[in-house]
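Descriptive analysis of the structure
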Protein chains: 2
Amino acid sequence: MAKVGVKSVMKKLAVIGVDVGGTKMTAALATESGQILRLLRTQTKPEEGAKGGFRAICEMVRNLLREGKQKGFGVARIGVGFGGPVDFQRGVVYLSHHVQGWENFPLKAEFENRFGITTSVDNDANAGTLGEWMFGAGKGINDLLYVNIGTGIGGGIIADGKLVRGWRNLAGEIGHMTVKPEGPICTCGRNGCLEALASGSAIGREGTNRFGRPMKSEEVFQLAEQGNEMAKQILAEAIDALAFAIGAAANLFNPKLVILGGGVGEAPEHLLIEPLRARLPRYTLPQTAEGLEVVRAQLGYDAGIMGAVALAITTIDAEG
Amino acid sequence: MAKVGVKSVMKKLAVIGVDVGGTKMTAALATESGQILRLLRTQTKPEEGAKGGFRAICEMVRNLLREGKQKGFGVARIGVGFGGPVDFQRGVVYLSHHVQGWENFPLKAEFENRFGITTSVDNDANAGTLGEWMFGAGKGINDLLYVNIGTGIGGGIIADGKLVRGWRNLAGEIGHMTVKPEGPICTCGRNGCLEALASGSAIGREGTNRFGRPMKSEEVFQLAEQGNEMAKQILAEAIDALAFAIGAAANLFNPKLVILGGGVGEAPEHLLIEPLRARLPRYTLPQTAEGLEVVRAQLGYDAGIMGAVALAITTIDAEG
């Protein structure tokens, strides 16, 4: 639990979470146990660049601080989940994939200077992992793997009750594990990454290629649901790639639970999770596969903001 | 550091490490910082079963306790590295691959009853990882991957200064990561595991198959050193498989360092580590590959006993 000073002992403790995404930015005031007291949301305006985005999130944070004060809360920590790579130790954004001008932006220092509150900044995959672990499908599980399958594939690992960040905060990149060395080219420039075989974009690309007309992953799932053999084959190949990569991770980390999130993760269970469960033992040691559960993420639309809140809370616990 | 009681404050602190291997059993009295004060060794006698083995290690421990007392040391912890799977939490051996009768042997409880000293028991891959991290090539590195390439392939992961054990103490099994789904059958019964492609046995098997006469991995390395093209090709394939698996692990947990141990790990650097370094970027995200070091293990013949000593020391630190 947080160590509290004399002054804050007299107040109820709260945190602020901020989720900086490509389409929307969200900020929330939450209790120490993650109950949302107030939520603010605004559209991301890429044309206003990092400067405009930063101004907008600062305004939301200011409003939440004011509201917290009125309600008798002291804000112990701010957590920011950012849609792009982040140097967690220094709290510096490397870049945004959606908005110009975030390159090497010292978000932690800027927040701390402005608001006088210790701030943790991390990428949204790490924050999302913490969110599902604290508030979602992973509650109470000390060893888990989170895989977010959307346009791309990201992920995170909780080992012995702690997020694995790695040397340079680059851990969790299951989407760029090579599955088929001669497979299709990936956004990262290499061939046959999991992301190039099993993401929403990859499934849509295969649908487009094989059906000969533009197709999104949703339609491939719909066609498979209707019994279309070609669509079922596309999904079987994507699920085989997922089993390969998740099995590799399971052999390395021996998790109790795998959580599938993101848009593709929300596909009907019998089209994704059930066949994945059946395929995992092909790529996983028997003892490791035994009792390994695969479930859907629970936070859905709220994953981003609950991840930012979880980041704030866990970094209080870690650092006092 | 260890929390010490009133009584032990008056003594110098020591630990005892015990390495139970398939060919030899070793026990050592060491200082809290891992300096070996006394080392005892005995041959493993499989014909005497677990009972005989247990008797032999108890005798070594008793002798070391006596010697420690004479030298004014209080033994704070015993660490046992065991050559087979272990339930670390309960300190129960699942089985030995070499000696009958170890099935479900409660080694921790038996030691604690006999000697009155808290005892940690783990498999030798985990102990070996801790040893290289505390005393070998991994000193001072918080995020590393240890890969032991011998007859089989084992390994371990240190993430943020802590051994990753996983839910059931089965983590670190990089040897059973699938690399080629249609590849040769592995000891685990599945196809194309790293161990079936890059272990000493696998390299020897390929030599035997391609040269048409019985061959061990050492000879394949010798022939490659002399410029033999077929031997060079066998090594190139094994190294490609290693790069595949190590790259996958690096993408997942972003280590600073990869340590290669075991018999094959001792091959000349220009035949193994240099080509491996060159091949890693094929399977690793650029940012993750950048600055990732690959080095040879340092403990060699002493890996087992230093691992057991490291296990004793790290579990004092963790549990007080």
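Placed above this text is the structure.
Residues numbered from 1 in each chain as written. Chains lettered and ligands numbered in written order. Predicted model: local features only at pLDDT ≥ 70, side-chain atom pairs only at ≥ 80, totals over all residues. Heavy atoms only, no water.

1. Let's talk about helix α7 (residues 217–225) of chain A
All names here are of chain A. So the rule is basically this: Each residue's exposure class comes from its accessible area (1.4 Å probe, protein chains only) as a fraction of the maximum for that residue type: buried when under 20%, exposed when over 50%, partly exposed otherwise. Every helix listed is a DSSP run of H or I at least four residues long, and every strand listed is a run of E at least two residues long, numbered separately from the N terminus. The arc under discussion is defined with respect to the helix axis, by the directions toward the C-beta atoms. Residue contacts follow a heavy-atom distance rule, with two residues in contact if any of their heavy atoms lie within 4.5 Å.
Every buried residue belonging to α7 is among Ser217, Val220, Phe221, Leu223 and Ala224, and all of these are buried. One face of α7 carries all of its buried residues, which in axial projection span an arc of 165°. The inward-facing, buried residues of α7 contact α6 (200–211), α8 (229–253) and α9 (262–265). Count one or two residues on from α7 and you reach glycine 227, which has phi positive near 95°.

2. As for the relation of the copies chain B and chain A
The criterion, for reference: When the copies are overlaid, the least-squares fit takes in C-alpha atoms only where the residue has pLDDT of at least 70 in both copies.
Mapping chain B onto chain A calls for a rotation angle of 180° and an axial translation of 0.0 Å; the resulting RMSD is 0.1 Å. Seen this way, the second copy is the image of the first under a two-fold rotation axis. Both copies contact each other with a shared surface, as 100% of the interface residues of chain B are interface residues in chain A too.

3. Examining the pattern of salt bridges
Should their charged atoms come close, side chains of opposite charge can pair. Residues and elements named next belong to chain B. Defined as follows: The salt bridge criterion pairs a side-chain nitrogen of Lys or Arg with a carboxyl oxygen of Asp or Glu, the two atoms within 4 Å.
If you walk through the whole model with that rule in mind, you get 32 salt bridges over all chains. A salt bridge links arginine 210 to glutamate 206; its shortest N-O distance comes to 2.8 Å. With a gap of 4 residues between them, arginine 210 and glutamate 206 both fall in helix α6 (residues 200–211), about one helical turn apart. A relative accessible area of 28% places arginine 210 in the partly exposed class. The residue arginine 213 makes a salt bridge to glutamate 219 at a minimum N-O spacing of 2.7 Å. A residue is classified by how much of its surface remains accessible, and arginine 213, at 37% relative accessible area, is partly exposed.

4. A closer look at the sheet that holds strand β10 (residues 162–163) of chain B
Residues and elements named next belong to chain B. For clarity, the cut-off: Pairing between two strands is assigned when DSSP locates at least 2 bridges connecting them. Where helices are involved, their axes are fitted lines through C-alpha atoms of the stretch in contact, as for all axes, and angles between N-to-C directions lie from 0 to 180°.
Spatially, the 5 strands line up as an open sheet ordered β10-β9-β8-β11-β12, and their pairing is mixed. Each edge of the sheet is formed by a strand with only one pairing partner; in this case those strands are β10 and β12 (293–296). Relative to β12, strand β11 (residues 257–261) runs parallel, the two sharing 4 bridges. When the sheet's bridge partners are listed, isoleucine 259 is paired in β12 with valine 295. Its contacts with the sheet put helix α4 (residues 124–135) on β8 (144–149), β9 (153–159), β10 and β11, and the angle it makes with β9 is roughly 55°.

5. A look at unusual backbone geometry
Residues and elements named next belong to chain B. Positioned with a positive phi, aspartate 160 is a non-glycine residue whose angle comes to about 50°. Tracing the backbone through its elements, the reader meets aspartate 160 in the loop between β9 and β10. If you check the backbone angles, asparagine 254 has positive phi at about 50° while not being a glycine. Along the polypeptide, asparagine 254 turns up in the loop between α8 (229–253) and β11. In this structure asparagine 254 comes out as buried when scored by relative accessible area, which is 0%.

6. A look at the side chain of threonine 284 of chain B
Rules: The term polar contact refers here to a pair of N or O atoms within 3.5 Å; inside protein, the definition further demands a hydrogen-donor-capable atom paired with an acceptor-capable atom, and it admits residues adjacent in sequence only when both atoms are side-chain atoms.
Assignment of secondary structure puts threonine 284 of chain B in the loop between α10 (273–279) and α11 (286–289). For threonine 284 of chain B, the side chain forms a polar contact with the main-chain oxygen of leucine 280 of chain B, separated by 2.8 Å. Setting aside anything within four residues of it in sequence, one finds threonine 284 of chain B in contact with Arg190 of chain A together with Gly247, Ala250, Asn251 and Ala289 of chain B.

7. Topic: the interface of chain B and chain A
Put simply, the rule reads: Accessible area, probed at 1.4 Å, shrinks when two parts are joined; the buried area is that loss added up over both.
At the interface, 43 residues of chain B touch 43 residues of chain A. When chain B packs against chain A, close to 3700 Å² is buried across both sides, 58% of that on carbon and sulfur atoms. When residues of chain B are sorted by the area they lose upon contact with chain A, Trp167, Leu252 and Asn254 of chain B head the list and together hold 20% of the total. Between chain B and chain A we count 4 salt bridges in total. Residue aspartate 160 of chain A pairs with lysine 162 of chain B through a salt bridge whose shortest N-O separation is 2.2 Å. Viewed at the interface, chain A and chain B are joined by 26 residue pairs in polar contact (both at pLDDT 80 or more).

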